[in-house]
Amino acid sequence: MKYSIKVALGIVAIGALIGVYYGDNYMTEKKEERQKETTYAIFFDTKDVIKFTVQNKNSVFTFARDTFTSPWKIISPIAVAADQDAVNNILAAIQQITVQQELPRTEAALKGDKAMLTEFGLENTKNSVTIDLKNSEIKQLFIGHDLDIGKKGGANLNSSSVYAMNPAKKLLLVVNNSFISVLENKMLSDFRSKRVSDFKGADVAFLEVKSHENDIVMVKDKNNKWEMQKPFAWPGDGVFIDEFLGRYQGLLAQKVYENSEVTPELKKKFNLLPPAGVVDFKDSAGKTLQNFEYGITKDGIFVTMKDGAVAQLNLDLWSDLIPKDKYFRNRQVLLGVNLDHISGIKLSNSTYLRKDNNWYFVESETQQPSVSQPPNAEVLTFFSNWELMAADDLILNATNEDLVKFGLTKPLKTFAFLLGSDSKSKSIEIIVGNRVPNNEKSVYLKRSDAPTVYIVEAGWLSLLAQLYSVGDTSTRQ
């Protein structure tokens, strides 16, 4: 036999084997699919579902998505965002409804025999499922009466099975009741998203917080820096504002009162007429992204949602959602200069210079630290804590009477930061005043060249006291 004929026959044989292999696989897949069609009351692949509807005694709920990877939306009874986990869980539960039994001699029911449908509770059923697949195929399942297991004997037992009808099958079915027991009491609030906000934090360029305590206005400039406009002009705390926006974006309701439920009487009960607080977010063009109106009672916080519903929140969230204006201010502007420009710290009797990010004692500001001299750890600790220190509160324009009361005219301590040669100013003096009355944890602090008084943690004083002790030349041997 010629070599070419042998090769040709070999190829034919391989092709036949491949055909058998794929043919067997195809038949196996078809067999498994037929088995699933028989096992499950309504068989489908979740990734093929683009829309599905569930009906119970409360309403008809329809969920839709554009593609398999798109989020679910509720389109009935109203159009609102969906809770993705809740929708996916209900779809998975539908997929797992198994057939316990096919009822013999019930073919007539599927052809519209009203007497038989009524007998099994399937003529005007309150529970049903409709699945729309991406190939335009529609699958349905209607749920009827419970099986009267144990009831005729007078026992008060819940049936574990119910009658069901799938129009694509030849007979009525008996299926497990577990899915129906989950579905029958569901309401819109069980399926809708509990997320209160509907905006992107990156789009916010204006925010306003109004309450009986504050009227705060923050604006983002072209360089993405936040500035306070009300109650006074002040640099904004970008980190806090980012956290504030993130807090709103992640806000979830404990309970949702739908728009249809929200009457003027209910709003009055929730103290929303008038609101106790209002938060408004706008974009750079001045368009409102979302407006929140708040009421507060002993039962919780109530806030309006974009679709007109009202969300109930935990009472403890009030200070996070309606913060005081001091939290929006940049409280780390104590010096108003880049701290990298600070070259030294001058105490009453001592001076420390900064070199290679370490601190060294010197006799005068012009003296260079000795290379053999070890750096001073106490000064490094003090400076590091100063860099991280933020004021608890600000008093912008303190009067002379205030300064006396705060102990800033006869200070507890003073010290100065020395600035580098490239700075216009040679030093910034810091004045340490009294502890804040009725608050031993705070102390008054002020720059000598600015009217603002800062209230800072008094724990910082222990570092300052330690620094003075170390830097007191009278203690040196």
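Keep in mind it's a predicted model, so treat the numbers as computed, not measured.

Caption draft 1: Highlighting the sheet that holds strand S9 (residues 173–176). On the basis of which strands lie adjacent, the open sheet formed by 9 strands has the order S4-S3-S2-S1-S6-S7-S8-S9-S5 and antiparallel pairing. Of all the strands in the sheet, the pair left with one neighbour each is strand S4 (80–81) and strand S5 (99–102). Where strand S7 (residues 138–146) meets strand S8 (residues 161–165), 3 bridges bridge the pair, whose relative direction is antiparallel. Within S8, the position partnered with phenylalanine 142 by the bridge is methionine 165.

Caption draft 2: Representation of the confidence of the model for the protein within the structure. Overall, the predicted model of the protein reaches an average pLDDT of 85, with 86% of residues at or above 70. Within the model, the stretch residues 149–158 combines pLDDT values under 50 with 5 contacts to residues more than four positions away or in other chains. Ignoring residues within four places in sequence, the model shows residues 472–477, a span with pLDDT below 50, making 10 contacts including any to other chains.

Caption draft 3: Focus on the packing of aromatic side chains. Per the stated rule, a full pass over the model turns up 27 aromatic pairs. On the basis of an interplanar angle of 80 degrees and a centroid distance of 5.2 Å, the ring pair of phenylalanine 244 and phenylalanine 328 is categorised as edge-to-face. Taken as a pair, phenylalanine 244 in helix H7 (residues 238–249) and phenylalanine 328 in the loop between helix H9 (318–321) and strand S19 (342–346) lie far apart in primary sequence, 84 residues in all. Members of the aromatic cluster, each reached through a chain of ring pairs, are Phe199, Phe240, Phe244, Tyr248, Phe281, Phe292, Tyr327 and Phe328. The ring of phenylalanine 206 carries lysine 282 above its face, with NZ or CZ at 5.2 Å from the centroid.

Caption draft 4: Quick peek at the side chain of threonine 62. For threonine 62, the position within the fold is in strand S2 (residues 60–64). A distance of 3.1 Å separates polar atoms of two side chains, one belonging to threonine 62 and the other to threonine 53. Those residues in contact with threonine 62 that sit more than four places away from it in its chain are Lys51, Phe52, Thr53, Lys73, Ile74, Ile75 and Ser76.

Caption draft 5: Representation of the pairing of strand S23 (residues 413–419). Burial runs high along S23: 5 of the 7 residues are buried. In this sheet, S23 lies alongside S19 in antiparallel orientation, the contact comprising 4 bridges. Note that in S23 the partner of glycine 344 across the bridge is leucine 418.

Caption draft 6: Spatial organisation of helix H2 (residues 84–95). Between the first and last C-alpha of H2 there are 17 Å, a value that for 12 residues agrees with the 16 Å anticipated at 1.5 Å per step. Among the residues of H2, Ala86, Val87, Ile90, Leu91 and Ile94 are the ones counted as buried. An end-on view of H2 places all buried positions within 130 degrees of arc, on one side of the element. Of the exposed residues in H2, the ones pointing more than 90 degrees away from its buried face are Asp85 and Asn89. For H2, the elements touching its buried residues are strand S1 (49–55), S2, strand S6 (127–133), helix H5 (178–183) and helix H6 (188–191). In this structure aspartate 83 caps H2, since a side-chain oxygen of it lies 3.1 Å from the backbone nitrogen of aspartate 85.

Caption draft 7: Fine view of unusual backbone geometry. Across the junction of serine 76 and proline 77, the peptide omega takes the value 10 degrees, indicating a cis bond. A positive phi angle, near 55 degrees, is found at aspartate 356, a position not held by glycine. With respect to the secondary-structure elements, aspartate 356 resides in the loop between strand S20 (351–355) and strand S21 (358–362).

Caption draft 8: Representation of the pairing of strand S26 (residues 453–457) in the model. Most of S26 is tucked away: 4 of the 5 residues are buried. In this sheet, S26 lies alongside strand S22 (residues 393–395) in antiparallel orientation, the contact comprising 3 bridges. Residue pairing for S26: leucine 394 is matched across the bridge by tyrosine 454. Bridge count between strand S25 (residues 439–447) and S26: 5 bridges; the pairing is antiparallel. Residue pairing for S26: valine 443 is matched across the bridge by valine 456. Between S25 and S26, which pair antiparallel and follow one another directly, the connecting turn spans 5 residues.

Definitions and limits used
Residues numbered from 1 in each chain as written. Predicted model: local features only at pLDDT ≥ 70, side-chain atom pairs only at ≥ 80, totals over all residues. Heavy atoms only, no water. Pairing = 2+ DSSP bridges. Helix = DSSP H or I, 4+ residues; strand = E, 2+ residues; numbered from the N terminus. pLDDT = per-residue confidence, 0-100. Contact = heavy atoms within 4.5 Å. Phe/Tyr/Trp six-rings, centres within 6.5 Å; stacked < 30°, edge-to-face > 60°. Lys NZ or Arg CZ within 6 Å of the ring centre and 35° of its normal. Polar contact = N/O pair within 3.5 Å; in protein donor to acceptor, adjacent residues only side chain to side chain. Buried < 20%, exposed > 50% of the residue type's maximum accessible area, 1.4 Å probe, protein only. Expected span 1.5 Å × (residues − 1). Arc of directions from axis to C-beta.

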